[in-house]
Amino acid sequence: MSNGQWYPPEWPDRIRALAVGELTPATPRRAATVMLLRDGTDGPSVHMLRRRASMAFAGGAYAYPGGGVDPRDEHPVRWAGPSLETWAARLGVTGTEEAQAIVCAAVRETYEEAGVLLAGETADSVVGDTTGDDWEKDREAMVARELSFADFLDRRGLVLRSDLLGAWARWITPEFEPRRYDTWFFVAALPAGQRTRNASTEADRTVWIRPAEAAAGYDRGELTMMPPTISTLRGLTHFGSAAEALAEAAGQDLTPVLAQARLEGDELILSWPGHDEFTKHIPTAGPDTAASGEAGPETAAPGEAGPDTAAPGEAGPGSASGGAGTGPVPGRGGAR
């Protein structure tokens, strides 16, 4: 049975155009996404959302909360945790403003899309329940870009807890994609007293699921995911707790992963360096056949993750609710 790798049918034509110099790669936009973990009796579960099947890009694919960097994420914020210089070195960027923007985007997008806020009134505290009407009003204002994240923290007297995040991986959208993102993946534990919810208009369901279970669903072709998602998910399968994963984050390789396409005989070969499972061989003549047999946007059918994987009171596999956007679309995005 085919796995659940999302593979758009237009890729072969775009790869051919890139190979012969007819396609100019778009400049990647900075983005951040967060693998939010919650401990359970059988080990940690990860919070995932499923993109609506009607979405033009990666419809039906499972992903993590995240999105593009807002230029205002560079505005000064109250900061706790490693210094901006330390973060710049870890993320592989040259300036402290860029490092702050990437970390702020990770925290902001997690709040906008999952209702979880990695911030507190002091450098060693975290806010509790964020589901009240006043919190929701602020969240919606940030989604609409009417309120910057810096102003949101300032008006509430909150400190961004960068120490609650661990940088995990970095993936760059292939050069043949029209919308490209340079995405940093982070890991974080769900703060005590907070709970996730589906706050995304572009997701039809959210789920807490053990990484090994989600990876097995992908391998069976039941859960659709993009390469960065399943790759980072596999990296979480052997941890016994969220704390263990966070402790290992400092040693994770942040060398950017960028797909490569090359002509070889009568085939186009698409590969992700260091990730052989995603290699595709695409015939250069005849109808596009690379996507045949692949799990498409409709493969993640209702009930695939199991009704018992969502937390009480949260959107489970069969739910649908609205809110902020998600995924690699204009103004948002990320290679998740």
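Residues numbered from 1 in each chain as written. Predicted model: local features only at pLDDT ≥ 70, side-chain atom pairs only at ≥ 80, totals over all residues. Heavy atoms only, no water.

1. Focus: the pairing of strand E15 (residues 275-283)
Move 1: Looking at chain direction, strand E14 (residues 267-272) and E15 are connected through five bridges and run antiparallel. Pairing of Leu-270 across the sheet is with Lys-280, part of E15. (Pairing = 2+ DSSP bridges. Helix = DSSP H or I, 4+ residues; strand = E, 2+ residues; numbered from the N terminus.)

2. Some details on the environment of Leu-49
Move 1: Turning to its location among the elements, Leu-49 is positioned in strand E2 (residues 45-51).
Move 2: For Leu-49, a relative accessible area of 1% corresponds to the buried category.
Move 3: Residues Leu-49 and Ala-114, spaced 65 residues apart in sequence, show a C-alpha to C-alpha distance of 9.1 Å. (Buried < 20%, exposed > 50% of the residue type's maximum accessible area, 1.4 Å probe, protein only.)

3. With respect to the pattern of salt bridges
Move 1: Summed over the entire model, instances satisfying the criterion amount to 21 salt bridges.
Move 2: Here Glu-109 ties to Arg-145 by a salt bridge, and the two come within 3.7 Å at their closest N and O atoms. Within this pair, whereas Glu-109 is found in helix H3 (residues 96-114), its partner Arg-145 is found in the loop between helix H4 (133-143) and helix H5 (149-156), the two being separated by 36 residues in sequence.
Move 3: A residue is classified by how much of its surface remains accessible, and Arg-145, at 27% relative accessible area, is partly exposed. (Salt bridge = Lys/Arg side-chain N within 4 Å of Asp/Glu carboxyl O.)

4. Topic: the nonpolar core
Move 1: Counting 41 residues, the largest nonpolar core has Leu-91, Leu-117, Phe-149, Phe-152, Leu-165 and Phe-186 as the members making the most contacts within it.
Move 2: The residues touching Phe-149, leaving out its near neighbours within four places in the chain, are Asp-73, Cys-104, Val-107, Arg-108, Leu-117, Met-142 and Leu-160.
Move 3: Among the nonpolar cores identified, the runner-up in size contains 38 residues, and Ile-15, Val-46, Val-207 and Ala-242 belong to it. (Core = buried A, V, L, I, M, F, W, Y, C linked by side-chain atoms within 4.5 Å. Contact = heavy atoms within 4.5 Å.)

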